[in-house]
Amino acid sequence: MTPQLDRRSFLRQTGLAAAAIAVTGCATNSSPGQAPAVTSTPTPSRKLNIAAIGFGGVGGSNVKNSADENIVALCDLDLARCAGTIKQFPKAALFTDFRKMLDQQKDIDAVIIATPSGLHPQHGILAAKAGRHVISEKPMAISLAAADALVQACDDQQVHLFVVKQNRLNPPIVLLKRAIDSGRFGRIYMANCTVRWTRPQDYYDQAPWRGTWEFDGGAFMNQASHYVDLVQWLVGPVESVMAKTATMARRIEAEDSGAAVLKFRSGAIGVIEVTMLTFPRNLEGSITILGETGSVKIGGTAVNKVEHWTFADYDDDDKLVEQANTSPPSVYGFGHEGYYRNVESVLRGDARPDTDGRAGRKSLELILGIYESAKTGRDVPLPLRANI
C-alpha cells in the first residue's frame, strides 16, 4: 500500500473528520429558532475576549500574536502538545470539547478557528450559531460551497467573519499597495509571485490530515494561500488561469509544487510559482510588479524586504523603503498584531474589516481555479461556473 493510501486509511479508520466534529461539538447545532447568545461589544475599558480552537500549530502562533487581547479559553483535542502556548495564558480555561467551551465560557467575543482547513467552516458555523464572531485562519474553507455556507451562517447570526490575511499588513506590502492605488505604476504589465519554501516529509507525517485533499490541500491551498491572495488583491480580478501541478517528492495526496499563469481583467499577465521542495531551507516568498512607470520586487522569505523599488517620479513614500524592511522570526511575519487591532476596531464600530469572508472567498476561488486547470489541462475562466 502506498503512503498516500496509508494516510487515507488512517483517516477512515480513526474517523478523523467525524471525531473532530463530534468531539468538538460540530455535530450538534442550535435549533433554527434559537436566538444566538451574542456577547457584548468590547469597550475602551474592556479588551476583546478571544478563544481559540486548534492552537497546537499555526493557531498557537495566532494566539500568541493576539496576546494584547484577553485570551479566555483554549480548545484542542490534544492539550499536551499545546503546553507551550498554555503556559503563556495561565488564566485561560482549557477545553477538548468545542461545544462545551461555547456553552460554558459566556464571555467569549470571538473565536480563532485554526483547525485543519477542511474543518474551518464547520467550526466557524458552530461559533456563529453561538453568537460569537469568527476569526478563520487561511484558507477559510477548501470548497466554495463550504465557504458560502460559513458566510451565510455569519450573516444569518449577524456576527462578523474575519479571514486572516496578515501578509497584507507587512510594511513593504503596505507601501506597494499604496503605490498601486496612487497610480505610480501606470499600466501594470506583469505580476510574479514566487514561493520557494521547503516542507520535509516529516512535516507532513506530523499529522495525518496534512497534504490530504479532504482536510488540507497542497502547496497552493496551504502554504501559498497568502501569496495567491496578495496577487489578486494587488493587481485586481483574474479573468482566467492555466496551471500545472505535481507531487514530485513528498508522499502526500495533493501537490508539493506547481505553476499558474494568470490573465487579469486589466490585461496584465501574472505567474505564480510554488514549491515545497527547496533545498535546504526556505529561500523566497516574493511578489514582483512591473508597470509602464514603475518596477518593484518585495522579497525575503515572506514578502518582508523591499529588494527593488524604482519609479519614474519621486514620492515621499520612497523615503520609507528602508525602514519598511523587517526580519520576522518565521514566515508568519508580524502582520497578526495589526490584524487583531483591526478586529477590535471593527467590533467597537470604529473600522471596516481588513478581510472579511467575502474577501477571503476571492483567493479561495482563484486557488480552486488553479486546481481545476491542473486537473483538466484547460484554461479556466473566473469566476468559476460551478460552485466547487
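Below: a short report on this structure. Bear in mind that the values here come from a model prediction, so they are computed numbers and not experimental data.

Basis of the calculations
- Residues numbered from 1 in each chain as written.
- Predicted model: local features only at pLDDT ≥ 70, side-chain atom pairs only at ≥ 80, totals over all residues.
- Heavy atoms only, no water.
- Pairing = 2+ DSSP bridges.
- Helix = DSSP H or I, 4+ residues; strand = E, 2+ residues; numbered from the N terminus.
- Contact = heavy atoms within 4.5 Å.
- Axes fitted to C-alpha atoms, helices over the stretch in contact; angles between N-to-C directions.
- Phe/Tyr/Trp six-rings, centres within 6.5 Å; stacked < 30°, edge-to-face > 60°.
- Buried < 20%, exposed > 50% of the residue type's maximum accessible area, 1.4 Å probe, protein only.
- Core = buried A, V, L, I, M, F, W, Y, C linked by side-chain atoms within 4.5 Å.
- Salt bridge = Lys/Arg side-chain N within 4 Å of Asp/Glu carboxyl O.
- Parallel < 35°, antiparallel > 145°, perpendicular 65-115°, else oblique.
- Nonpolar A, V, L, I, M, F, W, Y, C, P; charged D, E, K, R; others polar.
- Polar contact = N/O pair within 3.5 Å; in protein donor to acceptor, adjacent residues only side chain to side chain.

## Looking at the sheet that holds strand 8 (residues 238-246)
Move 1: What the eight strands build is an open sheet, ordered 13-12-11-7-10-9-8-14; its pairing is mixed. The open sheet has two free edges, formed respectively by strand 13 (305-311) and strand 14 (380-381), since each of these has just one partner strand.
Move 2: The pairing of strand 8 with strand 9 (residues 257-264) spans eight bridges and is antiparallel. Looking at strand 9, one finds that serine 240 is bridged to lysine 263.
Move 3: On the sheet, helix 10 (residues 225-235) packs against strand 7 (188-196), strand 8, strand 9, strand 10 (269-275) and strand 11 (284-291) and is oriented at approximately 15° with respect to strand 11.
Move 4: Running over the sheet, helix 13 (residues 357-376) touches strand 8, strand 9, strand 10 and strand 14 and is turned about 55° from strand 8.

## Section: the packing of aromatic side chains
Move 1: Applying the stated rule across the entire model yields six aromatic pairs.
Move 2: Residues phenylalanine 185 and phenylalanine 311 carry aromatic rings whose centres are separated by 4.9 Å and whose planes lie at 75° to one another, so their mutual orientation is edge-to-face. Remark: phenylalanine 311 occurs in strand 13 and phenylalanine 185 occurs in the loop between helix 8 (171-181) and strand 7; sequence separation between them is 126 residues. Just as phenylalanine 185 is buried, phenylalanine 311 falls in that class too.

## Some words on the environment of lysine 297
Move 1: By the secondary structure assignment, lysine 297 is in strand 12 (residues 294-299).
Move 2: With 121 residues separating them along the chain, lysine 297 and leucine 176 place their C-alpha atoms 9.1 Å apart.
Move 3: Contact partners of lysine 297, with chain neighbours within four places excluded, come to Glu284, Ser286, Ile287, Thr288, Lys305, Val306, Glu307 and His308.

## Let's talk about the nonpolar core
Move 1: By size, the foremost hydrophobic cluster in this structure holds 84 residues, and its most contacted members are Phe98, Val111 and Ile287.
Move 2: Non-local contacts of valine 111, meaning those with residues more than four positions away in its chain, are made with Ala51, Ile53, Phe98, Met101, Leu102, Ala127, Arg132, His133, Val134 and Ile135.

## What to know about the pattern of salt bridges
Side chains bearing opposite charge may pair, as long as their charged atoms lie close to each other.
Move 1: Overall, the coordinates contain 14 salt bridges when judged by the stated rule.
Move 2: A salt bridge links aspartate 181 to lysine 177; its shortest N-O distance comes to 3.5 Å. Here lysine 177 and aspartate 181 lie together in helix 8, a separation of four residues that amounts to about one turn.
Move 3: Overall, lysine 177 belongs to the buried group, its relative accessible area being 19%.
Move 4: For arginine 361, the salt bridge identified is with glutamate 365, shortest N-O distance 3.9 Å.

## A closer look at the packing of helix 7 (residues 144-157) against helix 13
Move 1: Orientation of helix 7 relative to helix 13, taken along the N-to-C sense of each, is 175°, at an axis distance of 10 Å. Classified by the angle between their axes, helix 7 and helix 13 sit roughly antiparallel to one another. Together, Leu144, Ala147, Asp148, Val151 and Asp155 of helix 7 and Gly357, Arg358, Arg361, Leu364, Glu365 and Leu368 of helix 13 make up the contact between the two elements.
Move 2: Classifying every residue of the contact of helix 7 with helix 13 gives five nonpolar, one polar and five charged.

## Focus: the side chain of asparagine 222
Move 1: As for its position among the elements, asparagine 222 is in the loop between helix 9 (201-205) and helix 10.
Move 2: Assessed through its relative accessible area of 11%, asparagine 222 is described here as buried.
Move 3: Engagement of the side chain of asparagine 222 in a polar contact is seen with the side chain of aspartate 216, the distance being 2.8 Å.
Move 4: Apart from the residues lying within four places of it in its own chain, the contact partners of asparagine 222 are Lys138, Tyr203 and Asp216.

## Remarks on the sheet that holds strand 5 (residues 133-136)
Move 1: In spatial order, the strands read 3-2-1-4-5-6; together these six strands make up an open sheet with parallel pairing. Taken across any chain shown, the strands that pair with only one partner, and hence form the sheet edges, are strand 3 (93-95) and strand 6 (161-163). Recorded for the sheet is a direction-independent mean angle of 20° between the axes of neighbouring strands.
Move 2: Note that strand 1 (residues 49-53) and strand 4 (residues 110-113) share four bridges and pair parallel. Paired with isoleucine 50 across the two strands is alanine 110, which belongs to strand 4.

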